[in-house]
Amino acid sequence: MDGLQPLIGEIANQLFTQLRPLVTQVGPTFLGLLLLATALPRLLAVLRPRLRGWSGERRVARVLDRHCLATCHDRLLADGRGGWTQIDHLALTAETIWVIETKHFGCHILGRAHEARWTQRCGRNQHDFQNPLRQNHAHLQAVRARLGDAHQPRGLVVFSGRASFARGRPAGVTTLAELPDVLGASAGQSVPIALQVAWEDLLDATRDDKSTRRAHLAQLAARHSRENGRQHKHMIPLIGVIGLALMAFGWQQLVQPWRMPTSAPARLAAPTPAPTTTPRHPHVRATVDQPTPPARIGWSDPEPGESEACKLAIISVLIEDTAETRRQRAAACGKTTATP
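All values derive from a computational prediction rather than experimental measurement.

Calculation rules
- Residues numbered from 1 in each chain as written.
- Predicted model: local features only at pLDDT ≥ 70, side-chain atom pairs only at ≥ 80, totals over all residues.
- Heavy atoms only, no water.
- Pairing = 2+ DSSP bridges.
- Helix = DSSP H or I, 4+ residues; strand = E, 2+ residues; numbered from the N terminus.
- Axes fitted to C-alpha atoms, helices over the stretch in contact; angles between N-to-C directions.
- Core = buried A, V, L, I, M, F, W, Y, C linked by side-chain atoms within 4.5 Å.
- Buried < 20%, exposed > 50% of the residue type's maximum accessible area, 1.4 Å probe, protein only.
- Left-handed = near helix turned anticlockwise from the far one by under 90°.
- Contact = heavy atoms within 4.5 Å.
- Nonpolar A, V, L, I, M, F, W, Y, C, P; charged D, E, K, R; others polar.
- Disulfide = S-S within 2.5 Å.
- Expected span 1.5 Å × (residues − 1).
- Arc of directions from axis to C-beta.
- Phe/Tyr/Trp six-rings, centres within 6.5 Å; stacked < 30°, edge-to-face > 60°.
- Parallel < 35°, antiparallel > 145°, perpendicular 65-115°, else oblique.

A. Representation of the sheet that holds strand β9 (residues 173-175). In space, the 5 strands of this open sheet follow the order β1-β2-β3-β7-β9, with mixed pairing throughout. Lying at the two open borders of the sheet, with one neighbouring strand each, are β1 (70-78) and β9. Recorded for the sheet is a direction-independent mean angle of 40 degrees between the axes of neighbouring strands. Pairing between strand β2 (residues 84-92) and strand β3 (residues 97-103): 4 bridges, direction antiparallel. Bridge pairing links L90 to V99 in β3.

Right, dumping it as C-alpha coordinates:
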(Lines give C-alpha, C1' and ligand atoms only; values in the text may rest on other atoms or scores of the structure.)
Protein backbone atom coordinates (compact mmCIF):
# COMPACT_ATOMS: atom_id res chain seq x y z
CA MET A 1 0.00 0.00 0.00
CA ASP A 2 2.83 2.37 0.77
CA GLY A 3 4.18 1.93 -2.74
CA LEU A 4 0.80 2.65 -4.35
CA GLN A 5 0.28 6.05 -2.71
CA PRO A 6 2.98 7.86 -4.72
CA LEU A 7 1.69 6.21 -7.89
CA ILE A 8 -1.90 7.26 -7.19
CA GLY A 9 -0.75 10.79 -6.38
CA GLU A 10 1.20 11.00 -9.62
CA ILE A 11 -1.79 9.72 -11.64
CA ALA A 12 -4.10 12.29 -9.99
CA ASN A 13 -1.61 15.07 -10.65
CA GLN A 14 -1.29 14.10 -14.31
CA LEU A 15 -5.09 13.86 -14.66
CA PHE A 16 -5.58 17.30 -13.13
CA THR A 17 -2.88 18.74 -15.39
CA GLN A 18 -4.59 17.30 -18.47
CA LEU A 19 -8.15 18.36 -17.55
CA ARG A 20 -7.44 21.79 -16.06
CA PRO A 21 -7.66 23.67 -19.40
CA LEU A 22 -10.94 21.94 -20.22
CA VAL A 23 -12.43 22.84 -16.83
CA THR A 24 -11.23 26.42 -17.26
CA GLN A 25 -13.07 26.69 -20.58
CA VAL A 26 -16.28 24.80 -19.78
CA GLY A 27 -16.67 25.90 -16.13
CA PRO A 28 -17.84 29.51 -16.72
CA THR A 29 -20.32 28.40 -19.39
CA PHE A 30 -21.81 25.70 -17.17
CA LEU A 31 -22.06 28.06 -14.18
CA GLY A 32 -23.65 30.75 -16.36
CA LEU A 33 -26.25 28.28 -17.66
CA LEU A 34 -27.04 27.21 -14.10
CA LEU A 35 -27.51 30.79 -12.88
CA LEU A 36 -29.55 31.72 -15.94
CA ALA A 37 -31.80 28.68 -15.52
CA THR A 38 -32.37 29.73 -11.90
CA ALA A 39 -33.22 33.33 -12.76
CA LEU A 40 -35.03 32.81 -16.07
CA PRO A 41 -38.47 31.91 -14.65
CA ARG A 42 -38.44 34.99 -12.41
CA LEU A 43 -37.19 37.20 -15.23
CA LEU A 44 -39.96 35.97 -17.51
CA ALA A 45 -42.51 36.56 -14.78
CA VAL A 46 -41.33 40.17 -14.50
CA LEU A 47 -40.90 40.89 -18.20
CA ARG A 48 -43.97 39.12 -19.60
CA PRO A 49 -46.56 41.53 -18.12
CA ARG A 50 -44.51 44.52 -19.26
CA LEU A 51 -44.21 43.19 -22.80
CA ARG A 52 -47.92 42.42 -22.92
CA GLY A 53 -48.75 45.85 -21.53
CA TRP A 54 -46.55 47.51 -24.16
CA SER A 55 -48.24 45.48 -26.89
CA GLY A 56 -51.71 46.41 -25.62
CA GLU A 57 -50.83 50.10 -25.45
CA ARG A 58 -49.61 49.99 -29.04
CA ARG A 59 -52.89 48.49 -30.22
CA VAL A 60 -55.00 51.03 -28.38
CA ALA A 61 -52.78 53.86 -29.63
CA ARG A 62 -53.35 52.84 -33.27
CA VAL A 63 -57.14 52.88 -32.81
CA LEU A 64 -57.04 56.27 -31.06
CA ASP A 65 -54.86 57.77 -33.79
CA ARG A 66 -57.41 56.74 -36.41
CA HIS A 67 -60.58 57.89 -34.63
CA CYS A 68 -59.53 60.95 -32.61
CA LEU A 69 -58.56 64.46 -33.66
CA ALA A 70 -55.37 64.50 -31.56
CA THR A 71 -53.66 62.00 -29.29
CA CYS A 72 -50.81 61.79 -26.80
CA HIS A 73 -49.40 58.53 -25.43
CA ASP A 74 -47.41 57.51 -22.36
CA ARG A 75 -46.92 60.89 -20.66
CA LEU A 76 -46.27 61.97 -17.09
CA LEU A 77 -48.37 64.62 -15.36
CA ALA A 78 -48.00 66.21 -11.93
CA ASP A 79 -50.47 64.61 -9.53
CA GLY A 80 -50.87 67.73 -7.36
CA ARG A 81 -49.24 66.04 -4.35
CA GLY A 82 -45.62 66.62 -5.22
CA GLY A 83 -45.32 63.51 -7.41
CA TRP A 84 -46.08 62.29 -10.90
CA THR A 85 -48.69 60.03 -12.43
CA GLN A 86 -48.26 58.10 -15.67
CA ILE A 87 -51.10 58.31 -18.20
CA ASP A 88 -51.29 55.72 -20.97
CA HIS A 89 -53.32 57.78 -23.46
CA LEU A 90 -54.79 61.26 -23.83
CA ALA A 91 -57.21 61.73 -26.73
CA LEU A 92 -59.06 64.76 -28.05
CA THR A 93 -62.46 64.42 -29.74
CA ALA A 94 -64.97 67.06 -30.82
CA GLU A 95 -66.76 66.77 -27.47
CA THR A 96 -64.21 66.08 -24.72
CA ILE A 97 -60.76 64.98 -23.64
CA TRP A 98 -60.38 61.28 -22.90
CA VAL A 99 -58.06 59.89 -20.23
CA ILE A 100 -57.55 56.21 -21.07
CA GLU A 101 -55.91 53.37 -19.17
CA THR A 102 -54.96 50.18 -21.08
CA LYS A 103 -54.92 46.66 -19.67
CA HIS A 104 -53.79 43.70 -21.76
CA PHE A 105 -55.40 40.69 -20.07
CA GLY A 106 -56.97 37.48 -21.21
CA CYS A 107 -58.99 34.73 -19.51
CA HIS A 108 -61.68 35.65 -16.97
CA ILE A 109 -61.72 38.90 -14.99
CA LEU A 110 -63.51 39.03 -11.65
CA GLY A 111 -64.05 42.48 -10.19
CA ARG A 112 -66.56 45.23 -9.49
CA ALA A 113 -66.21 48.98 -9.67
CA HIS A 114 -66.05 49.47 -5.88
CA GLU A 115 -63.50 46.68 -5.20
CA ALA A 116 -59.89 47.67 -4.67
CA ARG A 117 -58.46 44.49 -6.23
CA TRP A 118 -59.57 42.53 -9.27
CA THR A 119 -58.69 38.92 -10.11
CA GLN A 120 -57.59 37.31 -13.34
CA ARG A 121 -58.38 33.60 -13.44
CA CYS A 122 -56.85 31.30 -16.08
CA GLY A 123 -57.85 27.75 -15.29
CA ARG A 124 -56.40 26.94 -11.89
CA ASN A 125 -54.04 29.90 -11.93
CA GLN A 126 -55.12 33.31 -10.73
CA HIS A 127 -53.55 36.55 -9.58
CA ASP A 128 -54.81 39.86 -8.23
CA PHE A 129 -54.15 43.31 -9.67
CA GLN A 130 -55.18 46.84 -8.83
CA ASN A 131 -58.63 47.97 -9.88
CA PRO A 132 -57.88 49.85 -13.16
CA LEU A 133 -60.90 52.14 -12.61
CA ARG A 134 -59.32 53.39 -9.38
CA GLN A 135 -55.95 53.64 -11.07
CA ASN A 136 -57.39 55.75 -13.87
CA HIS A 137 -59.33 57.87 -11.38
CA ALA A 138 -55.98 59.18 -10.07
CA HIS A 139 -55.10 60.16 -13.65
CA LEU A 140 -58.44 61.92 -14.05
CA GLN A 141 -57.88 63.87 -10.85
CA ALA A 142 -54.48 65.08 -12.09
CA VAL A 143 -55.97 66.19 -15.43
CA ARG A 144 -58.89 67.98 -13.75
CA ALA A 145 -56.49 69.75 -11.39
CA ARG A 146 -54.66 71.07 -14.42
CA LEU A 147 -57.71 72.07 -16.51
CA GLY A 148 -59.91 73.41 -13.72
CA ASP A 149 -63.67 73.14 -13.42
CA ALA A 150 -64.40 74.53 -16.90
CA HIS A 151 -63.66 71.19 -18.58
CA GLN A 152 -64.58 67.74 -17.37
CA PRO A 153 -62.44 65.04 -19.04
CA ARG A 154 -63.80 61.54 -19.28
CA GLY A 155 -62.07 58.39 -18.13
CA LEU A 156 -62.06 55.00 -19.83
CA VAL A 157 -60.39 51.63 -19.21
CA VAL A 158 -59.71 49.54 -22.35
CA PHE A 159 -58.96 45.80 -22.19
CA SER A 160 -56.95 45.02 -25.31
CA GLY A 161 -56.73 41.26 -24.73
CA ARG A 162 -59.38 38.54 -24.92
CA ALA A 163 -60.72 39.11 -21.44
CA SER A 164 -64.24 38.18 -20.39
CA PHE A 165 -66.09 39.44 -17.32
CA ALA A 166 -67.87 36.61 -15.55
CA ARG A 167 -69.81 38.99 -13.28
CA GLY A 168 -70.54 41.56 -15.94
CA ARG A 169 -68.42 44.40 -17.25
CA PRO A 170 -68.30 47.42 -14.91
CA ALA A 171 -69.23 50.86 -16.22
CA GLY A 172 -66.31 52.77 -17.67
CA VAL A 173 -64.67 49.58 -19.04
CA THR A 174 -64.64 48.60 -22.71
CA THR A 175 -62.78 46.35 -25.12
CA LEU A 176 -60.53 47.22 -28.04
CA ALA A 177 -63.17 46.13 -30.56
CA GLU A 178 -65.81 48.44 -29.02
CA LEU A 179 -63.49 51.43 -28.52
CA PRO A 180 -64.36 53.26 -31.79
CA ASP A 181 -68.08 53.15 -30.94
CA VAL A 182 -67.42 54.51 -27.45
CA LEU A 183 -65.33 57.41 -28.78
CA GLY A 184 -67.92 58.38 -31.37
CA ALA A 185 -67.34 59.88 -34.80
CA SER A 186 -65.09 62.93 -34.72
CA ALA A 187 -63.91 63.06 -38.32
CA GLY A 188 -64.81 66.31 -40.04
CA GLN A 189 -66.02 67.97 -36.82
CA SER A 190 -64.55 71.14 -35.38
CA VAL A 191 -63.25 71.47 -31.84
CA PRO A 192 -64.46 74.39 -29.70
CA ILE A 193 -61.80 77.03 -29.11
CA ALA A 194 -61.92 76.63 -25.34
CA LEU A 195 -61.45 72.87 -25.62
CA GLN A 196 -58.57 73.33 -28.04
CA VAL A 197 -56.84 75.75 -25.64
CA ALA A 198 -57.36 73.34 -22.74
CA TRP A 199 -55.87 70.51 -24.81
CA GLU A 200 -52.76 72.50 -25.68
CA ASP A 201 -52.34 73.60 -22.05
CA LEU A 202 -52.61 69.96 -20.95
CA LEU A 203 -49.95 68.88 -23.43
CA ASP A 204 -47.62 71.63 -22.20
CA ALA A 205 -47.98 70.30 -18.66
CA THR A 206 -47.06 66.72 -19.56
CA ARG A 207 -43.49 65.48 -19.40
CA ASP A 208 -41.51 62.80 -21.23
CA ASP A 209 -37.89 63.53 -20.25
CA LYS A 210 -35.58 61.05 -18.54
CA SER A 211 -35.19 62.98 -15.29
CA THR A 212 -38.95 63.10 -14.72
CA ARG A 213 -39.26 59.39 -15.46
CA ARG A 214 -36.49 58.61 -12.98
CA ALA A 215 -38.30 60.66 -10.34
CA HIS A 216 -41.52 58.77 -11.09
CA LEU A 217 -39.79 55.39 -10.80
CA ALA A 218 -38.23 56.42 -7.49
CA GLN A 219 -41.69 57.43 -6.27
CA LEU A 220 -43.12 54.03 -7.24
CA ALA A 221 -40.22 52.20 -5.60
CA ALA A 222 -40.71 54.12 -2.35
CA ARG A 223 -44.45 53.43 -2.41
CA HIS A 224 -43.98 49.68 -2.95
CA SER A 225 -41.35 49.60 -0.26
CA ARG A 226 -43.77 51.12 2.25
CA GLU A 227 -46.53 48.73 1.20
CA ASN A 228 -44.33 45.65 1.47
CA GLY A 229 -42.57 46.80 4.65
CA ARG A 230 -39.12 46.15 3.15
CA GLN A 231 -36.93 47.21 0.29
CA HIS A 232 -37.54 45.41 -2.96
CA LYS A 233 -34.65 43.14 -3.81
CA HIS A 234 -33.34 42.76 -7.32
CA MET A 235 -31.29 39.67 -6.69
CA ILE A 236 -33.01 37.54 -9.35
CA PRO A 237 -32.34 39.99 -12.23
CA LEU A 238 -28.80 40.43 -10.94
CA ILE A 239 -28.26 36.66 -10.95
CA GLY A 240 -29.55 36.55 -14.52
CA VAL A 241 -27.14 39.28 -15.61
CA ILE A 242 -24.23 37.48 -13.93
CA GLY A 243 -25.25 34.24 -15.65
CA LEU A 244 -25.30 35.93 -19.06
CA ALA A 245 -21.89 37.46 -18.42
CA LEU A 246 -20.42 34.09 -17.42
CA MET A 247 -21.93 32.45 -20.49
CA ALA A 248 -20.42 35.10 -22.75
CA PHE A 249 -17.00 34.70 -21.11
CA GLY A 250 -17.18 30.92 -21.28
CA TRP A 251 -18.22 30.99 -24.93
CA GLN A 252 -15.18 33.10 -25.80
CA GLN A 253 -13.04 30.52 -24.07
CA LEU A 254 -14.72 27.63 -25.88
CA VAL A 255 -14.23 29.08 -29.35
CA GLN A 256 -10.48 29.22 -28.71
CA PRO A 257 -8.63 26.12 -29.90
CA TRP A 258 -8.00 23.80 -26.99
CA ARG A 259 -4.87 21.71 -26.83
CA MET A 260 -4.01 19.02 -24.40
CA PRO A 261 -0.95 20.03 -22.39
CA THR A 262 2.14 17.94 -22.79
CA SER A 263 3.25 15.76 -19.95
CA ALA A 264 6.09 16.74 -17.69
CA PRO A 265 8.77 14.54 -19.32
CA ALA A 266 7.92 15.86 -22.78
CA ARG A 267 8.27 19.45 -21.61
CA LEU A 268 11.89 18.89 -20.64
CA ALA A 269 14.47 20.58 -22.79
CA ALA A 270 15.67 18.48 -25.68
CA PRO A 271 19.22 17.21 -25.30
CA THR A 272 21.76 19.36 -27.06
CA PRO A 273 23.48 17.64 -29.96
CA ALA A 274 27.00 16.46 -29.35
CA PRO A 275 29.62 18.81 -30.77
CA THR A 276 31.07 17.72 -34.05
CA THR A 277 34.72 16.78 -33.73
CA THR A 278 37.19 16.88 -36.51
CA PRO A 279 38.33 13.37 -37.44
CA ARG A 280 41.88 12.72 -36.40
CA HIS A 281 42.70 10.69 -39.48
CA PRO A 282 45.59 12.39 -41.27
CA HIS A 283 43.90 12.06 -44.67
CA VAL A 284 40.61 13.68 -43.55
CA ARG A 285 40.53 17.47 -43.61
CA ALA A 286 37.62 19.56 -42.27
CA THR A 287 37.21 23.14 -41.14
CA VAL A 288 34.74 24.49 -38.66
CA ASP A 289 34.30 27.96 -40.07
CA GLN A 290 33.69 26.96 -43.70
CA PRO A 291 31.98 23.66 -44.50
CA THR A 292 33.85 21.57 -47.00
CA PRO A 293 32.87 18.51 -48.98
CA PRO A 294 33.26 15.18 -47.18
CA ALA A 295 36.87 14.24 -46.69
CA ARG A 296 38.18 11.57 -48.95
CA ILE A 297 41.00 9.18 -48.25
CA GLY A 298 43.79 9.72 -50.76
CA TRP A 299 45.23 6.52 -52.15
CA SER A 300 48.68 6.62 -53.73
CA ASP A 301 49.64 4.08 -56.28
CA PRO A 302 52.10 1.60 -54.81
CA GLU A 303 55.54 1.49 -56.23
CA PRO A 304 56.19 -1.11 -58.93
CA GLY A 305 57.38 -4.40 -57.66
CA GLU A 306 55.59 -4.20 -54.31
CA SER A 307 54.19 -7.52 -53.22
CA GLU A 308 50.59 -8.17 -52.33
CA ALA A 309 51.52 -8.45 -48.65
CA CYS A 310 53.17 -5.03 -48.81
CA LYS A 311 50.03 -3.52 -50.30
CA LEU A 312 47.88 -5.00 -47.54
CA ALA A 313 50.29 -3.74 -44.89
CA ILE A 314 50.16 -0.24 -46.35
CA ILE A 315 46.32 -0.34 -46.29
CA SER A 316 46.42 -1.47 -42.66
CA VAL A 317 48.53 1.54 -41.76
CA LEU A 318 46.12 3.86 -43.56
CA ILE A 319 43.19 2.33 -41.72
CA GLU A 320 44.80 2.27 -38.27
CA ASP A 321 48.10 4.01 -37.82
CA THR A 322 49.75 2.28 -34.88
CA ALA A 323 53.24 1.07 -34.06
CA GLU A 324 52.21 -2.50 -34.76
CA THR A 325 50.79 -1.75 -38.22
CA ARG A 326 53.92 0.24 -39.12
CA ARG A 327 56.13 -2.65 -37.99
CA GLN A 328 54.09 -5.07 -40.10
CA ARG A 329 54.38 -2.73 -43.10
CA ALA A 330 58.13 -2.46 -42.66
CA ALA A 331 58.42 -6.23 -42.49
CA ALA A 332 56.23 -6.80 -45.53
CA CYS A 333 57.79 -4.10 -47.72
CA GLY A 334 61.32 -4.78 -46.63
CA LYS A 335 62.06 -1.19 -45.58
CA THR A 336 61.24 1.34 -42.88
CA THR A 337 58.48 3.72 -44.07
CA ALA A 338 57.60 6.93 -42.33
CA THR A 339 54.12 7.48 -41.20
CA PRO A 340 52.09 8.57 -44.22
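B. Molecular detail of the nonpolar core. With 17 residues, the main nonpolar core has L77, L90, I97, V143 and L202 as its most contacted residues. Only β1, β2, β3, α2 (132-147) and α4 (193-205) provide two or more residues apiece to this core. For this core, the element with the highest residue contribution is α4, accounting for 5 residues.

C. Fine view of the packing of α2 against α4. As a packed pair, α2 and α4 sit with axes 10 Å apart at the nearest point and diverge in direction by 115 degrees. For α2 against α4, the interelement crossing comes out right-handed. Contacts between α2 and α4 involve V143, R146 and L147 on the former and, on the latter, A198, D201, L202 and A205. Here the residues of the contact of α2 with α4 are counted per class, giving 5 nonpolar, no polar and 2 charged.

D. Quick peek at the state of the cysteines. According to the stated counting rule, one finds 2 disulfides in the structure shown. For the protein chain, numbering the cysteines in disulfides from first to last along the sequence yields the connectivity 1-2, 3-4.

E. Examining helix α7 (residues 308-319) more closely. Compared with an ideal rise of 1.5 Å per residue, which puts 12 residues at 16 Å, α7 spans 17 Å between its outermost C-alpha atoms and is within 8% of the ideal. Residues C310, A313, V317 and L318 constitute the buried set of α7. Projected onto a plane normal to the axis of α7, the buried residues spread over an arc of 145 degrees and lie on a single side. Across from the buried face of α7, at angles greater than 90 degrees, the exposed residues are E308 and I319.

F. Seen up close, unusual backbone geometry. Even without being a glycine, D74 presents a positive backbone phi close to 55 degrees. Mapped onto the elements of the fold, D74 is located in strand β1. We classify D74 as partly exposed; its relative accessible area is 26%. Notably, C107 is not glycine yet its phi reads approximately 60 degrees, a positive angle. Structurally, C107 is set in strand β4 (residues 107-110). Taking relative accessible area as the criterion, C107 reaches 32% and is therefore assigned partly exposed.

G. Examining the packing of aromatic side chains more closely. The full count for this structure, using the stated rule, is 5 aromatic pairs. The interplanar angle of 75 degrees and the centroid separation of 6.3 Å between the aromatic rings of W118 and F129 together place this pair among those described as edge-to-face. Taken as a pair, W118 in strand β5 (residues 117-122) and F129 in strand β6 (residues 125-130) lie far apart in primary sequence, 11 residues in all. What links up through ring pairs into an aromatic cluster is the set F105, W118, F129, F159 and F165.

H. Main features of the pairing of β1. Bridge count for β1 against β2 is 8 bridges, and the pairing is antiparallel. Among the inter-strand pairings, L76 is bridged to a residue of β2, identified as Q86. Taking the residues that link successive antiparallel strands as the turn, the β1-β2 hairpin has 5 residues, and the phi of G80 there is positive, at about 80 degrees.

I. Molecular detail of the packing of α7 against helix α8 (residues 323-333). Their axes nearest at 8 Å, the elements α7 and α8 cross at an angle of 160 degrees. With respect to α8, the axis of α7 lies roughly antiparallel. Helix-helix and strand crossings are classified by hand; for α7 and α8 the assignment is left-handed. Across the interface between the two elements, A309, C310, A313, I314, S316 and V317 of α7 pack against T325, R326, Q328, R329, A332 and C333 of α8. For the contact of α7 with α8, a count of residues per class yields 7 nonpolar, 3 polar and 2 charged.

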